[in-house]
Amino acid sequence: MAGPLQGIRVVDFGRYIAGPFCAALLGDLGANVIRVEKRDGREDRTLVSLGEHDDGSPREGAMFLQMNRNKRGLTLDPAHEKGREVVRRLIANSDVVIANLPGETLKSLGLDYASVSAINPRAILGIATAFGLEGPYANRVGFDGIAQAMSGAAYFAGTEEQPVRAAVPWVDFGTASLLALGIVAALRVRDATGKGQLVEGALLRTAATFFSPTLIEEAVLKLDRKPSLNRSQTAGPSDIFKTRDGWITVAVNGDPLFRRVAKLIGAPEWLDDKRFASDKLRGDHGEIISVRVQEWCAARTSDEAIRAFEGARVPAGPVYTMREALDDPHLKASDILTTVEFPGIGKAPIAATPVKLHGTPGTVRHRAPLLGEHSDAILNELGYSASEIAALRDSGVV
């Protein structure tokens, strides 16, 4: 069955995660996606490398395999005069252009919206920057961890002595997902108006949005909360607990779940304790609750504790290592991961389309491209003859 974005042509000038994963999501849904990178490969091609070539240089990395499935690859020097002409043809023949570059860099490469719309008024330009195109930080560069830190999330995830940045790049993935949503909405608008538009995502905007409940609370109540690692300060018990053979996490919100926990661990007196009469109060006195639940967990294995919580219909789960996560029977039995085979690397699991359309599902149809793997075919589609392609190659354009 054809994907919902079949017939949509996307050219991806992105790098790392926010731009490329946005393009990958569109590709999963059927779009024809071209990845454009430098002649010697973008910086993100070998991050988290999955091996070495015979000469000792790194092979493609885990990030590259994940972010660039369902794409064809074109190498190009967009700063070269003839390379700019290739860029113009790409834009003229595309529905969507994606770039996660600072505003000044976009202009220098002719990828700002004024330049793109002048070539193709129907084109949608999706961009992801660190701080957005407006404001005092508009021309600053930044990555996921910068947005985590500047949103307050890294401070609140750790302790007063040690802020903690999440290892998972949730800001990048969130920005990519929101940008893809915006692009799909812009395509719908274009169906009605015939005009493209600029769709803008920003790392700090995503981080502030995801962390917004805590920011809103601080703005209104001025509580100046201090970090408490894994323990929630607005409900409880919601924490990570050590068992006899590992760690588990328990997440409780609301009176019904709290009553079940109190009964399960043998603390019925909690139900009449005014300190625990609401989520807010349980958050205020969460350390007392966590200490008691920790004592209960410490006497049990992770499996015993989780089965007991599940029996009481209380959300709980194991804290896995990466290997344990891959070996989880539900993960293995579901379609959360899929397998691709990449030359020189072999079979590797990558995350499949993270949202399921049951009527027109997204699919991973093919692996990420080798460097410049489809350059000749793409250039031919843009109207270049074999001799013109050879000339571009000789002059260092592709």
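Look up: the structure comes first, before these words.
Computed from a predicted model, the values in this text were never measured in an experiment.

A. Spatial organisation of the packing of aromatic side chains. Counted by the stated rule, this structure contains 9 aromatic pairs. Between tryptophan 170 and phenylalanine 210, the ring centres sit 6.0 Å apart and the planes meet at 15°, which makes this aromatic pair stacked. In this pair, tryptophan 170 is assigned in helix H8 (residues 170-193) and phenylalanine 210 in helix H9 (residues 203-210), connecting sequence segments 40 residues apart. Overall, tryptophan 170 belongs to the partly exposed group, its relative accessible area being 22%. On the basis of relative accessible area, phenylalanine 210 is assigned to the partly exposed category, the value being 44%. By way of ring pairs, the aromatic residues Phe258, Trp270 and Phe276 are connected into one cluster. Its end group placed over the ring of tyrosine 137, arginine 140 keeps NZ or CZ at 3.9 Å from the ring centre. One cation-aromatic arrangement involves arginine 282 over phenylalanine 258; the distance from NZ or CZ to the ring centre is 4.4 Å.

B. Region of the structure containing the environment of isoleucine 34. Within the secondary structure layout, isoleucine 34 lies in strand S2 (residues 32-37). In this structure the C-alpha to C-alpha distance between isoleucine 34 and arginine 300, which are 266 residues apart in sequence, comes to 53 Å. With near-sequence residues (within four places) excluded, isoleucine 34 lies in contact with Val10, Val11, Asp12, Arg72, Leu74, Leu90 and Ile378.

C. Representation of the nonpolar core in the model. Val10, Leu26, Val96, Ile98 and Ile183 are the most contacted members of the largest nonpolar core, which has 31 residues in total. Those elements that place two or more of their residues in this core are helix H1 (18-28), helix H2 (62-67), strand S4 (96-99), strand S5 (124-129), H8 and H9. Excluding its chain neighbours within four sequence positions, the residues that come into contact with isoleucine 183 are Cys22, Leu26, Val96, Ile98, Ile124, Gly126 and Val199. Membership of the second largest hydrophobic core comes to 28 residues, among which are Val11, Val87, Ile378 and Leu392.

What counts as what
Residues numbered from 1 in each chain as written. Predicted model: local features only at pLDDT ≥ 70, side-chain atom pairs only at ≥ 80, totals over all residues. Heavy atoms only, no water. Phe/Tyr/Trp six-rings, centres within 6.5 Å; stacked < 30°, edge-to-face > 60°. Helix = DSSP H or I, 4+ residues; strand = E, 2+ residues; numbered from the N terminus. Buried < 20%, exposed > 50% of the residue type's maximum accessible area, 1.4 Å probe, protein only. Lys NZ or Arg CZ within 6 Å of the ring centre and 35° of its normal. Contact = heavy atoms within 4.5 Å. Core = buried A, V, L, I, M, F, W, Y, C linked by side-chain atoms within 4.5 Å.

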